[in-house]
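# Notes for the structure review
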Amino acid sequence: MDWTDRVRDLMRRREMTQLKLAEKSGYSAPGLNRLLNGKRGPSHESLSAIASALGTTVEYLMHGIDRPESSAQVSMVPMLADEQINKWQLAPDSIKEAVSQWIACPSSKAGMRTFAYRVSTDDMHAPAGSMSIAPGAIVYIDPDTNLDRGVTGLFLVNGQAVVREAHQIAGEWFMTPTNGKYQAIQMTGNAIFVGQVVGILQLP
């Protein structure tokens, strides 16, 4: 039995369809299908997201170690759109019912207010960089973290979310991309630091 067999076995036990598993783990249905059919090898992040959505561990999926019903800490976090982020920061309970998708968070660093955000731009996509985040990737943001030099975080600029690295030059804060096509943006009154990226799920 390999990891895909264990996934299908757990789906059967939990009466979970592949479409529901894709939704809970942050994958598109075709992306998850490629993984389960062996057309693409799983990354540790992929396995963590799938294991979290199924309520088990990566060790169980890969090696059959531990019980399927392991007491793994599974956090379900909201997938937020740009216009929901500020509301979530100020009063999470006020928009919980408006959130249409909740997904498993594989990061052990997740806090009480951690949320997920799907990256749509290639600002941080640089294969040679220290951290590369491709368009379509899901980042997990913890609003209870602080702005610090060199951290990758999510910012709101005029209400639009951007993922950048924070750098301080001559006392001024800048939001810096890893993709050389883009320029750093100085943090002024129209820019808000939301929180640090505490996890990344790169999707196939």
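In this text, all values refer to a predicted model and were calculated from it rather than measured experimentally.

### Notes on helix α4 (residues 44-54)
- Here α4 lies mainly inside the structure; nine of its eleven residues are buried.
- Along α4, the residues that are buried comprise S46, L47, S48, A49, I50, A51, S52, A53 and L54.
- Those residues of α4 that are buried are in contact with α1 (3-13), α2 (18-25), α3 (29-36), α5 (58-63), β2 (102-105) and β9 (191-201).
- Looking at the residues trailing α4, positive phi occurs at G55, about 75°.

### Things to note about the packing of aromatic side chains
- According to the stated counting rule, one finds two aromatic pairs in the structure shown.
- Taking 6.3 Å as the distance between ring centres and 70° as the angle between the ring planes, the aromatic pair formed by W88 and W102 counts as edge-to-face. Taken together, the positions of W88 in helix α6 (residues 82-90) and W102 in strand β2 put the pair 14 residues apart, joining distant regions of the chain.
- Overall, W88 belongs to the buried group, its relative accessible area being 3%.
- Since its relative accessible area comes to 29%, W102 is described here as partly exposed.

### Things to note about the environment of A91
- Along the chain, A91 falls in the loop between α6 and β2.
- In this structure A91 comes out as partly exposed when scored by relative accessible area, which is 33%.
- Considering only alpha carbons, one finds A91 and A126, 35 residues apart in sequence, at a separation of 35 Å.

Parameters at a glance
- Here the residue numbers are simple positions, counted from 1 along each chain's written sequence.
- Two thresholds apply to this predicted model, a pLDDT of at least 70 for residue-level local features and 80 or more for giving and counting side-chain atom pairs, whereas whole-chain, interface and lining totals are computed over all residues.
- The side-chain values count all of the structure's non-hydrogen atoms but skip hydrogen atoms and water molecules.
- To sort residues, take the accessible area from a 1.4 Å probe on protein chains only and compare it with the maximum for the residue type: under 20% means buried, over 50% means exposed, and anything in between is partly exposed.
- For the purposes of this entry, the term helix denotes a DSSP run of H or I that reaches at least four residues, the term strand denotes a run of E that reaches at least two, and both are numbered from the N terminus.
- We call two residues in contact whenever any of their non-hydrogen atoms come within 4.5 Å of each other.
- Here a Phe, Tyr or Trp ring, Trp counted by its six-membered ring, pairs with any other such ring whose centre lies within 6.5 Å, and the pair is stacked when the planes are under 30 degrees apart, edge-to-face when over 60, and tilted otherwise.

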